[in-house]
Amino acid sequence: MSTRDADDRREYYRIEDTIALEFSLLTGADALASEALHDASPLFNLLSDLHLLDFESQHLLRHISERDRTLASYFKVMNKRIDLIGQAMAQSLLREIGMPRHVTLSEGGISFDHAQALAVGTHLALKIVLMPQALGLLLRAQVVHCRIREDGQFEIGTEFEALSDAQRQLLARHILQKQAMERRKARDQANGPQ
């Protein structure tokens, strides 16, 4: 017999990651709404918007590149400069959110440890900053499991809700980049010093 939890574990590839994470409970109408969330922090909103705009403009850059390689190269350099500014902003934001912590992340959800239990079905607003690209996302999620661990902490498993296509693709890109980095690291360790 298949359970929802077992199905959740198999639907998406999961990675172990270290990210900045803050969450708040959504109640009443906020829990049932499907529109995008907005954070009180202008810095976080700006960081999030930077990455969404970058994602939305990628197809334009490809078209420009087909017509004018010099102009496309210039835009790529400008993009890198903006990314560096975003990374500097993220460092300030990390002081606001807190130290990065270990999580398990997929396109479908995230699990993390927490000092208190959360009821299954609880709706959350998750504020996350993915490193090293300093990608800020504010996502809706619902708690799908809460298990006590041997150390007294609770493992909270969540499923993302109402992700936009851009948010889903940004998560997928981060996961793919993290996988590639882990494969390179494993290959380098296997090859050892030459």
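For the structure itself, consult the block above.
Starting from 1, residues in each chain are numbered consecutively following that chain's sequence as written. Thresholds applied to this predicted model are a pLDDT of at least 70 for local features of residues and 80 or more for the giving and counting of side-chain atom pairs; totals over whole chains, interfaces and linings are not thresholded and use all residues. To obtain the side-chain values, all non-hydrogen atoms of the structure were used and water was disregarded.

1. Examining the sheet that holds strand S3 (residues 109-114)
A strand pair is defined by DSSP finding two or more bridges across the two strands. Runs of E in the DSSP output that reach at least two residues are strands. Runs of H or I that reach at least four are helices, and both are numbered from the N terminus. In space, the 6 strands of this closed barrel follow the order S1-S2-S3-S6-S5-S4, with antiparallel pairing throughout. Averaged over all pairs of adjacent strands, the angle between their axes in this sheet comes to 50°, without regard to strand direction. Orientation is described by lines fitted to C-alpha atoms, with helices fitted over the stretch in contact, and by angles between N-to-C directions that extend from 0 to 180 degrees.

2. Notes on the nonpolar core
Ranked by size, the top nonpolar core spans 27 residues in total, and within it Leu105, Phe112, Leu126 and Phe160 carry the most contacts. Where this core is concerned, the elements lending two or more residues are strand S1 (15-26), strand S2 (101-105), S3, strand S4 (123-130), strand S5 (135-148), strand S6 (154-161) and helix H5 (165-191). It is S5 that provides the largest number of residues to this core, a total of 5 residues. Residues in contact with Leu126, not counting those within four places in the same chain, are Leu21, Glu22, Phe23, Ile110, Phe112, Leu137, Leu138, Leu139, Ala141, Thr158 and Phe160. Membership of the second largest hydrophobic core comes to 11 residues, among which are Leu47, Leu93, Leu94 and Leu138. Here, nonpolar core refers to any group of buried Ala, Val, Leu, Ile, Met, Phe, Trp, Tyr and Cys residues whose side-chain atoms link them within 4.5 Å. When a residue's accessible area, from a 1.4 Å probe over protein chains only, is under 20% of the maximum for its type it is buried; when over 50% it is exposed; and in between it is partly exposed. Residue contacts are defined here by distance: any two heavy atoms, one from each residue, within 4.5 Å place the two residues in contact.

3. Considerations on unusual backbone geometry
Notably, Ala162 is not glycine yet its phi reads approximately 55°, a positive angle. Within the fold, Ala162 resides in the loop between S6 and H5.

4. A word on H5
One turn of an α-helix holds 3.6 residues; hence residues three or four places apart share an orientation. Here the expected span of a helix is defined as 1.5 Å times the quantity of residues minus one. For H5, with 27 residues, the first-to-last C-alpha span of 39 Å sits near the 39 Å given by 1.5 Å per residue. Among the structural elements, S1, helix H3 (42-67), S2, S4, S5 and S6 are those in contact with the buried residues of H5. In the stretch just after H5, Gly192 is the one whose phi turns positive, near 60°.

5. As for the side chain of Thr122
Inspection of the secondary structure assignment puts Thr122 in the loop between S3 and S4. Apart from the residues lying within four places of it in its own chain, the contact partners of Thr122 are Leu25, Ala141, Gln142 and Val143.

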